[in-house]
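If you want the building blocks of each chain, they are given just below.
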Amino acid sequence: MSTTPAVGINVQTLRADFPILATTVYGKPLIYLDNANTSQKPRRVIEVIDMYYRTMNSNVHRGNYFLSQQVTLAVESVRRKVQKFINAAEEREIIFVRGTTEAINLVATSFGEYSVREGDEIIISAMEHHSNIVPWQMLCARRGATLRVIPITDAGEVCLEDYERLLSGRTKLVAITHISNTLGTINPVQHIIRRAHDYGAVVLVDGAQAAPHMAIDVQALDADFYAFSGHKVFGPTGIGVLYGKARLLEAMPPYHGGGAMIDSVTFEKTTYNVLPFKFEAGTPHVEGIIGLGAALDYVQSVGLDAISEYEHDLLCYATDALQSLDGMRIIGTAPEKASVISFMLAGSSGEIHPHDVGTILDNEGIAIRTGHHCTQPLMRRFGVPATCRVSLAMYNTREEIDMLVRALRKVQTLFS
Ligand SMILES: *Cc1c(COP(=O)(O)O)cnc(C)c1O
């Protein structure tokens, strides 16, 4: 049944780079299908963190001695890697943060302070992750602004006509996910950005799900802000990136106050450091930054185009295989999709609760996510309390999909 697809990555070689993929759970080989939640780490990420503590550990930008200079060079070289990874125009447009969540909160707070006033409007979509909803609600509450929501279609695409109707001279910012973590929809962000700019609004793209799956070019998109998390792109937790156009970042007030973000401090007045340091108060997550650098090197050595192609093939294979089951309902059927499949499964006596599906799959060594995936409004839109979600990465295989389908058949027999 499963044959190796004829595309440019050797999945078995690649799997050997991820130690966790060789482990077992309950005596069964681990089948990890929860990559939209967090991805596994290649050996070189794990090793570079170990190497950092064994041979380099010291603080950045602070010491005049050998180790500190080495660490500063290493951190700044990762900043250049990130700049290239998303094709930003300048290094100083790359801010290290804890993750996508912090990146969005930074923009909501600092850009909000700089530019959002009473009566202004912020537009998001109905498929946003809670971290691209709540910070904007908090901002609107602080400033007396209004949150507007672009509805989505039954297939799980943003309604572009409704978007047109929501845009106006009052629109200050549009915040949209590049790829939905629940539906897999790839949004037409380039178009969304262009239309927002026609109204003088800026756009933040939540790239948490895009970074591991497709090549990103913030200049081609003309994105004003772009956010992603290290842990979803095969790097460590606790590190992420905010890209912002220099012109905007320069105009915005700092987010956190503290060390490293200052130029001079007296009790009367403090002046701030230049970009990117103005937004990087305190000791950074050095091991995270160095680990992220190794993760981006790894992804680029595989090649994002090869990854996209391989995953697209696997997504089609998995979609067909899942649809071969009676009682399978896939939620999110947009033509442009990345490798995320949300579904509901029914047995002969009706729909099976996703948590039951997840528990039985777990006993088979298969890790999927069940729940609302931090998108409660989206669950309401589709009239379900939760879904089962399979999310694939470049190291997943057709054999794993076959095992998943077999296990789902077993779930159905248990619930018949
Ligand atoms: C995971 C995710 C986030 C939040 O990322 P953190 O790493 O938890 O900060 C935001 N948006 C989307 C689309 C996500 O998938």
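Calculation criteria
Residues numbered from 1 in each chain as written. Predicted model: local features only at pLDDT ≥ 70, side-chain atom pairs only at ≥ 80, totals over all residues. Heavy atoms only, no water. Domains from an automatic or database assignment. Contact = heavy atoms within 4.5 Å. Buried area = accessible area lost by both parts, 1.4 Å probe. Salt bridge = Lys/Arg side-chain N within 4 Å of Asp/Glu carboxyl O. Axes fitted to C-alpha atoms, helices over the stretch in contact; angles between N-to-C directions. Helix = DSSP H or I, 4+ residues; strand = E, 2+ residues; numbered from the N terminus. Parallel < 35°, antiparallel > 145°, perpendicular 65-115°, else oblique. Left-handed = near helix turned anticlockwise from the far one by under 90°. Near = heavy atom within 4 Å. Polar contact = N/O pair within 3.5 Å; in protein donor to acceptor, adjacent residues only side chain to side chain. Areas by Shrake-Rupley, 256 points an atom, 1.4 Å probe, with all protein chains shown as cover. Expected span 1.5 Å × (residues − 1). Buried < 20%, exposed > 50% of the residue type's maximum accessible area, 1.4 Å probe, protein only. Core = buried A, V, L, I, M, F, W, Y, C linked by side-chain atoms within 4.5 Å. Phe/Tyr/Trp six-rings, centres within 6.5 Å; stacked < 30°, edge-to-face > 60°. Pairing = 2+ DSSP bridges. Nonpolar A, V, L, I, M, F, W, Y, C, P; charged D, E, K, R; others polar.

Draft legend 1. Main features of the domain arrangement of the protein. Domains assigned within the protein are domain 1 (11-41 + 303-414) and domain 2 (46-301). Between domain 1 and domain 2, the C-alpha centre-to-centre distance is 28 Å. Taken residue by residue, the interface counts 42 residues in domain 1 and 37 residues in domain 2. Taking both partners together, domain 1 and domain 2 bury about 3000 Å²; carbon and sulfur atoms supply 57% of that area. Our count for the domain 1 to domain 2 interface comes out at one salt bridge.

Draft legend 2. Quick look at the packing of helix α4 (residues 100-115) against helix α5 (residues 134-143). α5 packs onto α4 with a crossing angle of 20° between their chain directions and a minimal axis gap of 9 Å. One way to sum up the angle between α4 and α5 is to call them roughly parallel. Crossing of α4 over α5 shows right-handed handedness. In this structure, α4 uses I104, N105, V107, A108, T109, G112 and E113 to contact α5, whose residues at the interface are P135, W136, L139, R142 and R143.

Draft legend 3. Spatial organisation of the site of the ligand. Surrounding the ligand, one finds 13 residues, the nearest of these being T101, D206, Q209, S229 and K232. The side chain of H231 places a nitrogen or oxygen atom 2.8 Å from an oxygen atom of the ligand. Protein chains bury 86% of the 390 Å² of accessible surface belonging to the ligand in isolation.

Draft legend 4. Summary view of α4. With 16 residues, α4 extends 21 Å between its outermost C-alpha atoms, agreeing within 8% with the 22 Å of an ideal straight helix rising 1.5 Å per residue. Of all 16 residues that make up α4, 12 are buried, and the element is covered over most of its length. All of the buried residues in α4 are T100, E102, A103, I104, N105, L106, V107, A108, S110, F111, G112 and S115.

Draft legend 5. Quick look at helix α11 (residues 304-323). Spanning 20 residues, α11 covers 28 Å between terminal C-alpha atoms, matching the ideal 28 Å at 1.5 Å per step. If you check which residues of α11 are buried, you get L304, A306, I307, Y310, E311, L314, L315, Y317, A318, A321 and L322. Looking at the buried residues of α11, the elements they touch are α1 (11-15), α3 (66-85), α10 (286-302), β13 (328-331), β14 (340-347) and α14 (398-414).

Draft legend 6. Spotlight on the nonpolar core. With 109 residues, the main nonpolar core has Y226, F343 and L408 as its most contacted residues. The residues that make up this core include at least three from each of domain 1 (11-41 + 303-414) and domain 2 (46-301). With residues up to four places along the chain from it excluded, the contact list for L408 reads L322, L325, M328, F343, L345, V357 and L361. Core analysis: the next-biggest nonpolar cluster, separate from the first, contains 29 residues, I95, V116, F225 and L242 among them.

Draft legend 7. Here's a closer look at the side chain of Q83. Of note, Q83 is situated in helix α3. A relative accessible area of 15% means that Q83 is categorised as buried.

Draft legend 8. Main features of the packing of aromatic side chains. Applying the stated criterion to the full structure yields eight aromatic pairs. Considering the side-chain rings of F18 and Y298, the 5.5 Å spacing of their centres and the 85° angle between planes classify their relative orientation as edge-to-face. Taken together, the positions of F18 in the loop between α1 and β1 (24-25) and Y298 in helix α10 put the pair 280 residues apart, joining distant regions of the chain. As far as the burial class goes, F18 and Y298 line up, both buried.

Draft legend 9. Representation of the side chain of N132 within the structure. In this fold, N132 is placed in the loop between β5 (121-125) and α5. With a relative accessible area of 0%, N132 lands in the buried category. At 2.8 Å, the side chain of N132 forms a polar contact with the side chain of W136. In contact with N132, not counting residues within four places along its chain, are I104, I124, A175, I176, T177, L204 and D206.

Draft legend 10. A look at the pairing of strand β11 (residues 262-265). Pairing between β11 and strand β12 (residues 270-272): three bridges, direction antiparallel. Note that in β12 the partner of I262 across the bridge is Y272. Turn length for the β11-β12 hairpin, with the two strands adjacent in sequence and antiparallel, is four residues.

Draft legend 11. Layout of the sheet that holds strand β7 (residues 171-177). Here we have seven strands laid out as an open sheet, ordered β4-β10-β9-β8-β7-β5-β6, and mixed in their pairing. Every other strand in the sheet has two partners, leaving β4 (94-97) and β6 (146-150) as the edge strands with one partner each. On average, each strand axis in the sheet is tilted by 20° relative to the strand beside it, whichever way the strands run. Where strand β8 (residues 202-206) and strand β9 (residues 225-229) come together, three bridges link them in parallel fashion. Pairing of V205 across the sheet is with Y226, part of β9.

Draft legend 12. Main features of the packing of helix α12 (residues 354-363) against α14. Their axes nearest at 10 Å, the elements α12 and α14 cross at an angle of 125°. By the criterion of interaxial angle, the relationship of α12 to α14 is oblique. When the axes of α12 and α14 are compared, the crossing they make is right-handed. Residues V357, I360 and L361 of α12 form the contact with α14, whose own contacting residues are L404, A407, L408, V411 and L414. Here the residues of the contact of α12 with α14 sort into eight nonpolar, no polar and no charged.

Draft legend 13. Representation of unusual backbone geometry in the model. Omega for the bond connecting L275 with P276 falls within 30 degrees of zero, at 0°, which places this linkage in the cis form. The topology assignment puts P276 in the loop between β12 and α10. Located in the positive-phi region is Y26, a residue other than glycine, with phi close to 50°. Tracing the backbone through its elements, the reader meets Y26 in the loop between β1 and β2 (28-29). The class for Y26 is exposed, based on a relative accessible area of 55%. Of note, D222 is a non-glycine position whose phi angle comes to about 60°, a positive value. Here D222 shows up in the loop between α8 (218-221) and β9.

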